[in-house]
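# Fold and contact review
Here is what each chain is made of, one letter per residue.
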Amino acid sequence: MNCIIIDDEKMARVILKTLCDEVNSLNVVDQFSNAMQAIKFLNSNEVDLIFLDIHMPDFNGLDFIQTLKNPPKIILTTSDPKFAIEAFEYDFIVDYLLKPLELNRFKKAIVKAEKKEISSSEIVKEAPKTKDIDNDFYVNIDRRLIKIDLPSIYLIEAKGDYIKIKTDDKEYTVHSTLKKIEDKLPASLFLKIHRSYIINIKKIIDIEDNSVLIKKDVIPVSRSKRPELMKRLDLL
Amino acid sequence: MEQPNLEYINQLARGNESIKNELIDVIKTEFPEEKQEYLESFQKQEYKKIEENVHRLKHKISILGLEKSYEIANKYEHNLRESSIEGAKEFDDILQVISAYIETI
């Protein structure tokens, strides 16, 4: 199995590599000190298994899992079992190993990984075209197509290769671009007010010179977008 | 106070001196850096950052076989989540013991 190691701590990466070298079926193709580097790698490379540290600064292991389009098997490594339990809702999580890692327990996890079949036989690569664009659309998150009610969206934020969709009761991180999602949104409801933000204009609470308050988020408005925003509002 | 040891590193290296030396080199390089980062975060009273620093140092504490110290670090990390620095003194003592030990290996 080709695998990668993601851990911000060098000591942890060296220990994992040492353990992997004890198992003939494992081939460590690369190691990463942060999840963003690993995402870039996975955009153009496939692996069978990821050893993933959960507790990392800025972008932790659970954030990383949310971004995976076609997740391979994952073995979590952590000092805190409670974080691992949270991640077990995903069927591609094979096992979790508590640090400091120990060879026999490590080998058991590898046996599990070799036996484990990802339960879904087909991995959905593209979200289908929306049928009823006025009411809802689907996003692909962790091989599940999740329906999002369009009017419930109040903000969409660009985050590198990802977008964060904020609805009245949930947030979703999706591998996509603001441009792609903009094309799927009804122009009557949504407006791009900044290169990194699309808002639902019905959800605006107030507007200042160069920002809008939407729910609890204060969002900047580009100077070039302000006239269009003002035109779209029902002013007294 | 309990003393650090190389039992875990020896188990992992399984007699391979080159692996053992690599692991010791990493700990000798990474521990002082992490300790310094911790002290700087502590000075600035950045609880979230201190908690992250403690979390990383905790792994080194466990690798050096310091079981009781690991529990102290765990409690301290938990306190930091509640924005309390209770346990900082004990944690500092652990760092001092490790600093002295890694000079000898």
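Every value quoted in this text rests on a predicted model; they were computed, and no experiment measured them.

Helix and strand counts for chain A stand at 7 helices and 15 strands. If you take every contact in chain A between residues at least 6 apart in sequence, the share linking residues at least 24 apart comes to 50%. Split by element, the accessible area of chain A, about 12,400 Å² in all, is 47% carbon and sulfur.

This brings us to the overall build of chain B. Looking only at helices and strands, chain B features 5 helices and 0 strands. Listing the helices and strands of chain B from first to last along the sequence gives α-α-α-α-α. Scored against the burial criterion, the 105 residues of chain B give a buried share of 49%. Carbon and sulfur atoms make up 48% of the accessible area of chain B, which totals about 5,500 Å².

Residues and elements named next belong to chain A. Taken in spatial order, the 3 strands of this open sheet run 13-14-15, and their pairing is antiparallel. Each having just a single partner strand, strand 13 (204–207) and strand 15 (217–220) make up the two edges of the open sheet. Pairs of neighbouring strands in the sheet enclose a mean axial angle of 25°, with direction left out of account. In this structure, strand 14 (residues 211–214) lies alongside strand 15, joined through 4 bridges in antiparallel fashion. Bridging across to strand 15, Val 212 finds its partner in Ile 219.

Across the junction of Lys 99 of chain A and Pro 100 of chain A, the peptide omega takes the value 0°, indicating a cis bond. Mapped onto the elements of the fold, Pro 100 of chain A is located in the loop between strand 5 (93–98) and helix 5 (103–115). Located in the positive-phi region is Arg 14 of chain B, a residue other than glycine, with phi close to 45°. Looking at the secondary structure, you find Arg 14 of chain B in the loop between helix 1 (7–13) and helix 2 (17–44). The backbone phi angle of Ser 83 of chain B is positive, close to 60°, even though this residue is not glycine.

The next thing to look at is the interface of chain B and chain A. Each partner contributes to the interface: chain B provides 23 residues, whereas chain A provides 19 residues. Approximately 1,900 Å² of surface area, both sides summed, lies buried where chain B meets chain A, with 59% of it carried by carbon and sulfur atoms. For chain B, the biggest contributors to the area lost against chain A are Leu 12, His 55 and His 59 of chain B; these three give 27% of the whole. Our enumeration of links across chain B and chain A arrives at 3 salt bridges. Its salt-bridge partner being Arg 56 of chain B, residue Asp 8 of chain A comes within 3.2 Å of it at the nearest N-O pair. Across the chain B-chain A interface, the total number found is 7 residue pairs in polar contact (both at pLDDT 80 or more). Here the side of chain B that touches chain A gets 9 residues from one element, more than from any other, and that element is helix 3 (residues 47–63) of chain B. Per-class residue counts for the side of chain B that touches chain A are 9 nonpolar, 3 polar and 11 charged.

Ile 15, Leu 26, Phe 51, Ile 75 and Phe 106 of chain A together with Tyr 38 and Phe 91 of chain B are the most contacted members of the largest nonpolar core, which has 52 residues in total. The residues contacting Phe 91 of chain B, other than those within four sequence positions of it, are Tyr 38, Val 54, Leu 57, Ile 61, Ala 73 and Tyr 76 of chain B. Counting 23 residues, the second largest nonpolar core, distinct from the first, contains Phe 41, Ile 65, Leu 68 and Ile 74 of chain A.

With that settled, consider the pattern of salt bridges. Under the definition given, this model contains 23 salt bridges over all chains. Ionic pairing is found between Asp 7 of chain A and Lys 99 of chain A, a salt bridge with its closest N-O pair at 2.8 Å. You can see Asp 7 of chain A sitting in the loop between strand 1 (2–6) and helix 1 (10–20) and its partner Lys 99 of chain A sitting in the loop between strand 5 and helix 5, a full 92 residues away along the chain. For Asp 7 of chain A, a relative accessible area of 0% translates into the label buried. With a shortest N-O distance of 3.4 Å, Glu 77 of chain B and Arg 81 of chain B are connected by a salt bridge. Within this pair, Glu 77 of chain B and its partner Arg 81 of chain B are both found in helix 4 (residues 67–81), separated by 4 residues, close to a single helical turn. A residue is classified by how much of its surface remains accessible, and Glu 77 of chain B, at 1% relative accessible area, is buried.

The rules behind the values
- Residues numbered from 1 in each chain as written.
- Chains lettered and ligands numbered in written order.
- Predicted model: local features only at pLDDT ≥ 70, side-chain atom pairs only at ≥ 80, totals over all residues.
- Heavy atoms only, no water.
- Helix = DSSP H or I, 4+ residues; strand = E, 2+ residues; numbered from the N terminus.
- Contact = heavy atoms within 4.5 Å.
- Areas by Shrake-Rupley, 256 points an atom, 1.4 Å probe, with all protein chains shown as cover.
- Buried < 20%, exposed > 50% of the residue type's maximum accessible area, 1.4 Å probe, protein only.
- Pairing = 2+ DSSP bridges.
- Axes fitted to C-alpha atoms, helices over the stretch in contact; angles between N-to-C directions.
- Buried area = accessible area lost by both parts, 1.4 Å probe.
- Salt bridge = Lys/Arg side-chain N within 4 Å of Asp/Glu carboxyl O.
- Polar contact = N/O pair within 3.5 Å; in protein donor to acceptor, adjacent residues only side chain to side chain.
- Nonpolar A, V, L, I, M, F, W, Y, C, P; charged D, E, K, R; others polar.
- Core = buried A, V, L, I, M, F, W, Y, C linked by side-chain atoms within 4.5 Å.

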